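Here is how the chains run, residue by residue.
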Amino acid sequence: MKIISYFIIIFLTPTLILLNYRFLVFNHNFYKSEFAKLNIYQQFASRQVVDTQSTNLIRYFCCAQTLDEYFYTQKEILHLADVKNLILLTNTLMVFFSILLLITTLFLIIKKQLKALFKTYQLSSLATLVIIFVLYLSSKLNFAFIFINFHYLTFRNDYYLLSENSSLLKLFPQQFFVDFTNQLAFNILISALAILISSSILILIQRKKPLPKSKTK
């Protein structure tokens, strides 16, 4: 049973990260709030242009939407194709980790190891809180360094090196990704905290359950 518990501890953090990442990547309301906050609407002909292009971009990442070749340059389109592949990879990993987490959780439920299950989720969520907090502090210290090296390690070309006047950089300046990272960290922390509180409550309930009475002959 300890091995199963270790698997849950390993799977929970990446599952929470990837689930929240996917939610934010495809959350157009977050995009629009950032566009308003960062005065991005003012940099284009109209608000409708920004909302339409960002909607199409989200649909391009998730579905079969094509990019506007009049809005993006060929280099931007090539870079966005790389980004789409990266998002597809994260989606695949999200499904993989989610399934493994579900299987290990169901295994402990079937074996009626509820106490071990709740304790494992308590420890896993606590570990997630610590990991995300450390990563958040690291990004606050030097986000630009992490951002540049992330691109350097992730992409095998220089298509991400765009001119300051490119539509893609005007839509998504570096501050957008700073805010994206902060919001992602916040969402993950809230998710982990909810699991920590829930599992702690369930552990207390489990402890208060009366022991089964021994049968007398």
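If you're wondering where the values come from, they're calculated on a predicted model, not measured in any experiment.

About the thresholds
Residues numbered from 1 in each chain as written. Predicted model: local features only at pLDDT ≥ 70, side-chain atom pairs only at ≥ 80, totals over all residues. Heavy atoms only, no water. Salt bridge = Lys/Arg side-chain N within 4 Å of Asp/Glu carboxyl O. Helix = DSSP H or I, 4+ residues; strand = E, 2+ residues; numbered from the N terminus. Buried < 20%, exposed > 50% of the residue type's maximum accessible area, 1.4 Å probe, protein only. pLDDT = per-residue confidence, 0-100. Phe/Tyr/Trp six-rings, centres within 6.5 Å; stacked < 30°, edge-to-face > 60°. Lys NZ or Arg CZ within 6 Å of the ring centre and 35° of its normal.

It is worth spelling out the pattern of salt bridges at this point. Throughout the structure, instances matching the rule amount to 2 salt bridges. A salt bridge links D51 to R47; the shortest N-O distance between them is 3.9 Å. Here D51 and its partner R47 are both found in helix α3 (residues 47-62), 4 residues apart, which amounts to about one turn of the helix. The buried category is assigned to D51, whose relative accessible area is 18%.

Before going further, it helps to spend a moment on the confidence of the model for the protein chain. In the predicted model, the protein chain carries a mean pLDDT of 91, and 95% of its residues have values of at least 70. Mean pLDDT values for the elements of the protein chain range from 84 in helix α6 (residues 143-154) up to 97 in helix α2 (residues 28-37).

Let us look at the packing of aromatic side chains. Evaluation of the coordinates by the stated rule reveals 22 aromatic pairs. Between F35 and Y41 the ring centres are 5.9 Å apart and the planes differ by 80°, which places this aromatic pair in the edge-to-face class. When its relative accessible area of 0% is taken as the criterion, F35 is described as buried. Through a chain of ring-to-ring contacts, three or more aromatic side chains come together here, namely Y21, F30, Y31, F35, Y41, F143, F147, F172, F176, F177 and F180. Above the ring of Y41, the side-chain terminus of R47 is found at 4.0 Å from the ring centroid. Directly above the aromatic system of Y60 lies the positively charged group of K84, at a separation of 4.5 Å from the ring centroid.

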